[in-house]
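Inside the fold
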Amino acid sequence: MTDGSALAQKTQAIQQKLQQKDFASALELVDANLRQHPHETEFLYLGAVARRYLKQFEAAAHDLDRLLLAAPDMGRAHQEYGHLMRDQGRWNEALASYRQAIDCNRGLIASWSMLVDIYRARGETQALRYVEQQLEILQALPPVILRATQLLHEGLLGQAETLCRTILQQDPQNIEAMRLLAEIASRLGVLNDAEFLLESAIAFAPEHDDIRLDYLLVLRRRQNFTEALAQAEYLVRKNPDNLTYQVQTAIEKMQMGEHAAAVEIFDHILSLAPQDPSTLTSKGHALKTMGDQNGAVAAYEAACAAKPDHGDAYFSLSNLKTYQFDEAAIADMEKQLDRPGLTRMNRIYFHFALATALEGKGQADASFQHLISGNELKRQQSHYDAARMTEEMLAQVDACTASLFDERRGCPAPDPIFIVGLPRSGSTLIEQILASHSQIDGTLELPNILSLAQSLRGQNRMTGRSAYPQNLHTLPEAELMALGQAYIDETRIHRGDAPLFTDKMPNNFRHIGLIHLILPNAKIIDARRAPLDCCFSGFKQLFAQGQEFSYGLHEIGTYYRDYVNLMAHWDDVLPGKVLRVQHEDVVADLEGQVRRMLDYLDLPFEPACLNFHATDRAVRTASSEQVRQPINRSGMDRWRAHARHLSPLIEALGEDIVGPDDWAYIKKEAAA
């Protein structure tokens, strides 16, 4: 293992030579150290700096290319590329690099300063005004805050958190430390803490617009769309010419179901910035949700043309599931992956898009290699722990015994229909079928139950472990009633006038005990799909957020097995509570399964449920285009083309879940 203190000393020696402007000696030290540590990113970075000062531009670019392949989101590397392009008079490329640098690390003062100079020289007054404001804010920050910012954006979250907490101990009202700590909490998924910190920061500095923007983004992740929209509209009223705030308002309109209004805002923005790739992509998302596939394709393709490295647009095209890339588009995507300066997230987008494109061309092995690469990059960003998730599900089994449900009762409202299971299990199809009934509103994947479970976790003082779900035994009936009523009240904003509504958050299967305690009359449907189809489809999908278990074959197999075991437990302790609907049965006998579900829900049969594909409603999941088509078998057995790569998946699932025939098939293919 590399000795961190020794590396720090070597790095410091190089930095001293650079500060003394002894660039040749600095480069000698860099090259000597790279011979011992050829992949050390800091040496590659300092080498590029030294070579630039020595006007060894081609060699400097080579070092930066190596660096960005290893660390695609290193803001300082993109900034150095900007300096390299600037020194050669390549201003367009310099501008792109500086913008990429601040996207990766907003604390890079040198990049903001260069953007000020470039925009001033070009006479771009609106952009100049924004970057001048950002530069002024950064220059006013204490060095310790800038240091914490650097640590955060270079992925050193633990060090950044420690530094921020130290700052807040000395200055409890330091809003920038609060803001950084909130971003750390958000990255770790602790959204309650992030929201509290940003609310506190706003109370101390109500005129600080960037804090409000951070707050808005956290509210969106928590699906508190009403408050997020209020924050966005406040920012627009205060800054009517700020296009960023207008974009955020449009996105919140989408979240509230006002897609036509969102498209109108996007069109206004595009009239002022007609080639903005992010706005074009967002407009595509709105049109896709509305069912306007042709309009969505046109918007996504325009974004690709405007910015060929905008991976989100290419991925969005692939995520339509019905779009076919031509050979030229495939070549363009492969070319982008060869570019060292491509950021990690764009690299992930292109890998997933190419996986879909090449599968459509029948190139199964090449498609799978892109899946492996994209999932590996995504997993590197994740904090998912399969063993810990297994423990959490076993804790539900231990705590949620039959006796827990004997006496206490929560809110009697029968309104919710929870559709649970794994993503890519056919749950969107079930929701679309049920939402076609006149008595049922289809809503969203609502976060309320997951948020409630998170709030109940607390910590057992004796063991240091989560108090939930064991503390379900001690919640008084009045509190159960209040929690159930709060769920009904908080979700009303997503409903129409129908007496029943769906909540399609798949991960709610982990909290069926909690659901039954607070809403004993709620209905629960387990959307289940054949294990290999379900797991492989999840592995192929890049989710907008959450579902961290899906980025590894072993991880997704383990999660599916744990899910099956936990659902068996709910069947034991709550017999008859959950209706299991097998996707393959829906495909084979649509009317029979529709009648079965409606009988379970005590609803009369309506023919519209069979014509679900004609139902006009917003659908936001990856299956949005598929559920607008009649029932078909197109998604079944797609794993077979990749069977020889799937041994880690079946080993995690086990032969009892996979089935002996599919087990033997994969084993045979893997050995061939």
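A brief look at the structure comes next. (Residues numbered from 1 in each chain as written. Predicted model: local features only at pLDDT ≥ 70, side-chain atom pairs only at ≥ 80, totals over all residues. Heavy atoms only, no water.)

As a further point, take the overall build of the chain. A tally of regular secondary structure across the chain gives 34 helices and 5 strands. For 672 residues, the compact-globule estimate of 2.2 N^0.38 gives 26 Å, and the chain sits close to it at 27 Å. Residues counted as buried form 56% of the 672 residues belonging to the chain. The long-range share in the chain, meaning contacts at least 24 apart out of those at least 6 apart in sequence, stands at 66%. Where the 67 positive side-chain charges of the chain centre and where its 89 negative ones centre are 3 Å apart. (Helix = DSSP H or I, 4+ residues; strand = E, 2+ residues; numbered from the N terminus. Rg over C-alpha atoms; globule rule 2.2 N^0.38 Å. Buried < 20%, exposed > 50% of the residue type's maximum accessible area, 1.4 Å probe, protein only. Contact = heavy atoms within 4.5 Å. Lys, Arg positive; Asp, Glu negative; His and termini not counted. Charge placed at Lys NZ, Arg CZ, Asp CG, Glu CD.)

The 5 strands are arranged β2-β3-β1-β4-β5 in an open sheet whose pairing can be described as parallel. The open sheet has two edge strands with one neighbour each: β2 (440-441) and β5 (578-582). Each of β4 (523-528) and β5 touches helix α31 (residues 590-600); the most contacted strand, β5, lies at about 170 degrees to it. (Pairing = 2+ DSSP bridges. Axes fitted to C-alpha atoms, helices over the stretch in contact; angles between N-to-C directions.)

This paragraph deals with helix α23 (residues 386-399). Helix length check: α23 (14 residues) gives 20 Å between terminal C-alpha atoms against 20 Å at 1.5 Å per residue, within 8%. Those residues of α23 that fall on the buried side of the exposure criterion are Ala386, Met389, Thr390, Met393, Gln396 and Ala399. Looking at where α23 begins, the residue whose side-chain oxygen comes 3.0 Å from the main-chain nitrogen of Ala387 is Asp385. (Expected span 1.5 Å × (residues − 1). Polar contact = N/O pair within 3.5 Å; in protein donor to acceptor, adjacent residues only side chain to side chain.)

Quick look at the layout of surface pockets now. Taken as a whole, the second largest pocket encloses approximately 450 Å³ of empty space. Lining the second largest pocket are 20 residues, with Arg222, Asn224, Asn448, Ser451 and Glu490 sitting closest to its centre. Taken together, the elements giving at least two residues each to the lining of the second largest pocket come down to α12 (191-204), α14 (225-238), α25 (448-457) and α26 (477-491). Looking at the lining of the second largest pocket residue by residue, the classes come out as 10 nonpolar, 7 polar and 3 charged. (1 Å grid on protein atoms, 1.4 Å probe; cavity = no way out; pocket = protein on both sides within 12 Å on 5 of 7 lines; lining within 4 Å. Points joined across faces, edges and corners; volume = space filled by probe spheres on them. Nonpolar A, V, L, I, M, F, W, Y, C, P; charged D, E, K, R; others polar.)

With that out of the way, let us pick up the pattern of salt bridges. All chains considered together, the criterion is met by 38 salt bridges. Residue Arg76 is joined to Glu42 by a salt bridge in which the shortest nitrogen-to-oxygen separation is 2.9 Å. You can see Arg76 sitting in helix α5 (residues 75-87) and its partner Glu42 sitting in helix α3 (residues 41-53), a full 34 residues away along the chain. Both residues of the pair, Arg76 and Glu42, belong to the buried class. With its nearest N and O atoms 3.0 Å apart, the salt bridge here joins Lys504 to Glu445. With Lys504 in the loop between β3 (500-503) and α27 (512-518) and Glu445 in the loop between β2 and α25, this residue pair connects regions lying 59 residues apart in the sequence. (Salt bridge = Lys/Arg side-chain N within 4 Å of Asp/Glu carboxyl O.)

Moving on to the environment of Ile184. When you line up the elements, Ile184 lands in helix α11 (residues 175-187). Given the relative accessible area of 2%, Ile184 is considered buried. Along the sequence, Ile184 and Thr162 sit 22 residues apart, while their C-alpha atoms lie 11 Å from each other.

Our next topic: the packing of aromatic side chains. One pass over the full model with this rule turns up 14 aromatic pairs. Ring centres 5.9 Å apart and planes at 85 degrees place the aromatic pair Phe509 and Tyr559 in the edge-to-face group. A residue pair is termed long-range when its members are at least 10 positions apart, and Phe509 in the loop between β3 and α27 and Tyr559 in helix α29 (residues 553-573) qualify at 50 residues. Grouping residues by exposure puts Phe509 and Tyr559 together as buried. A centroid spacing of 3.7 Å and a plane angle of 5 degrees characterise the contact between Phe549 and Tyr559, whose relative ring orientation is stacked. With Phe549 in the loop between α28 (531-540) and α29 and Tyr559 in helix α29, this residue pair connects regions lying 10 residues apart in the sequence. Pairwise contacts between aromatic rings join Phe509, Phe549, Tyr559, Tyr560 and Tyr563 into one cluster. A cation over an aromatic ring shows up here: Arg212 above the ring of Tyr234, its NZ or CZ 4.2 Å from the ring centre. (Phe/Tyr/Trp six-rings, centres within 6.5 Å; stacked < 30°, edge-to-face > 60°. Lys NZ or Arg CZ within 6 Å of the ring centre and 35° of its normal.)

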